[in-house]
Amino acid sequence: MSYYIAKTVQGDFDDVIGRVVDALKTECFGVLTEIDVAATMKKKLDVDFHPYRILGACNPKMAHEALSIDDKIGVMLPCNVIVQKTDAGVEVAAVNPVASIGRVGNPDLDMPAKTVQAALTRVVESL
């Protein structure tokens, strides 16, 4: 099982980010954090890096359900979605929560992880 769900799309990098944010909204996710990796690499290391953003997405209802089952699961939140420029286009990849939360070993989290996986799969596939 892969630890991510991905798709490469065509379009302007910033436009694709907007499309990802809109697709996340349709699944009731908000973007809590946005990290511009290329800008950070340039500022901190003076290294050029291709356009790469990490979006920290959260669906409050789904997060509440998981936190109610296991209050330490917050170390796995929010759900990260990356957007990066590649030679083939713009790749969008989201964490696969079934793979990551499955490593926790709490079977009570299996169903919430599958619910989030389905939502993030719909987000990526909709692009």
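Residues numbered from 1 in each chain as written. Predicted model: local features only at pLDDT ≥ 70, side-chain atom pairs only at ≥ 80, totals over all residues. Heavy atoms only, no water.

## As for a nonpolar patch on the surface
And then number 1: Taken together, the side chains of Val75, Met76 and Val104 define a hydrophobic patch exposed on the protein surface, amounting to about 260 Å² of accessible area.
And then number 2: With respect to the helices and strands, the residue Val75 is situated in the loop between α3 (60-69) and β4 (79-86).
And then number 3: With a relative accessible area of 70%, Val75 lands in the exposed category. (Patch = residues over 30% accessible without salt bridge, like charges linked within 9 Å, V, L, I, M, F, W, Y side chains within 5 Å. Areas by Shrake-Rupley, 256 points an atom, 1.4 Å probe, with all protein chains shown as cover. Salt bridge = Lys/Arg side-chain N within 4 Å of Asp/Glu carboxyl O. Helix = DSSP H or I, 4+ residues; strand = E, 2+ residues; numbered from the N terminus. Buried < 20%, exposed > 50% of the residue type's maximum accessible area, 1.4 Å probe, protein only.)

## Notes on the sheet that holds strand β2 (residues 30-36)
And then number 1: The strand order β1-β5-β4-β3-β2 describes an open sheet built from five strands, whose pairing is antiparallel. What marks the edges here is a single partner per strand, and that holds for β1 (4-9) and β2. Neighbouring strand axes in the sheet, compared pairwise and without regard to direction, differ in orientation by 20 degrees on average.
And then number 2: Two strands pair when backbone bridges link them, and β4 and strand β5 (residues 89-95) are joined in this way by six bridges, in the antiparallel orientation. Bridging across to β5, Val81 finds its partner in Ala94.
And then number 3: Helix α1 (residues 13-26) rests against β1, β2, β3 (52-58), β4 and β5 of the sheet, and its axis sits at about 155 degrees to β4. (Pairing = 2+ DSSP bridges. Axes fitted to C-alpha atoms, helices over the stretch in contact; angles between N-to-C directions. Contact = heavy atoms within 4.5 Å.)

## A closer look at α1
And then number 1: With 14 residues, α1 ought to run about 20 Å at 1.5 Å a step, and its terminal C-alpha atoms sit 20 Å apart, in line with that.
And then number 2: Where the residues of α1 are buried, they touch β1, β2, β3, β4, β5 and α5 (110-126).
And then number 3: For α1, the capping residue at the N-terminal end is Asp12, with a side-chain oxygen 3.2 Å from the backbone nitrogen of Asp14. (Expected span 1.5 Å × (residues − 1). Polar contact = N/O pair within 3.5 Å; in protein donor to acceptor, adjacent residues only side chain to side chain.)

## A look at the environment of Val98
And then number 1: Positionally, Val98 belongs in helix α4 (residues 97-102).
And then number 2: Its relative accessible area of 18% is what places Val98 among the buried residues.
And then number 3: Considered as a pair, Val98 and Val83 are 15 residues apart in the sequence and their alpha carbons are 21 Å apart.
And then number 4: Once residues within four sequence positions are removed from consideration, Val98 is found in contact with Met1, Ala113, Lys114 and Gln117.

## Re the packing of aromatic side chains
And then number 1: Within the structure shown, the criterion is met by two aromatic pairs.
And then number 2: Here the aromatic rings of Tyr3 and Tyr4 are separated by 4.9 Å at their centres, their planes lie at 80 degrees, and the arrangement is edge-to-face.
And then number 3: Of the residues examined, Tyr3 reaches a relative accessible area of 62% and is grouped as exposed. (Phe/Tyr/Trp six-rings, centres within 6.5 Å; stacked < 30°, edge-to-face > 60°.)

## Digging into the side chain of Asn59
And then number 1: With respect to the helices and strands, Asn59 occurs in the loop between β3 and α3.
And then number 2: A polar atom in the side chain of Asn59 sits 2.9 Å from the backbone oxygen of Glu27.
And then number 3: Setting aside residues up to four positions removed in sequence, Asn59 forms contacts with Glu27, Cys28 and Phe29.

## Digging into the nonpolar core
And then number 1: Val20, Leu24, Phe29, Val83 and Leu120 are the most contacted members of the largest nonpolar core, which has 24 residues in total.
And then number 2: Secondary structure elements with two or more residues in this core: β1, α1, β3, β4, β5 and α5.
And then number 3: Element by element, the count of residues in this core is highest for α1, at six residues.
And then number 4: Not counting the four nearest positions on each side in its chain, Phe29 is found in contact with Leu24, Ala57, Cys58, Asn59, Met62, Cys79, Val116, Ala119 and Leu120.
And then number 5: Residues Ala66, Ile101, Leu109 and Ala113 belong to the second largest nonpolar core, which totals six residues. (Core = buried A, V, L, I, M, F, W, Y, C linked by side-chain atoms within 4.5 Å.)

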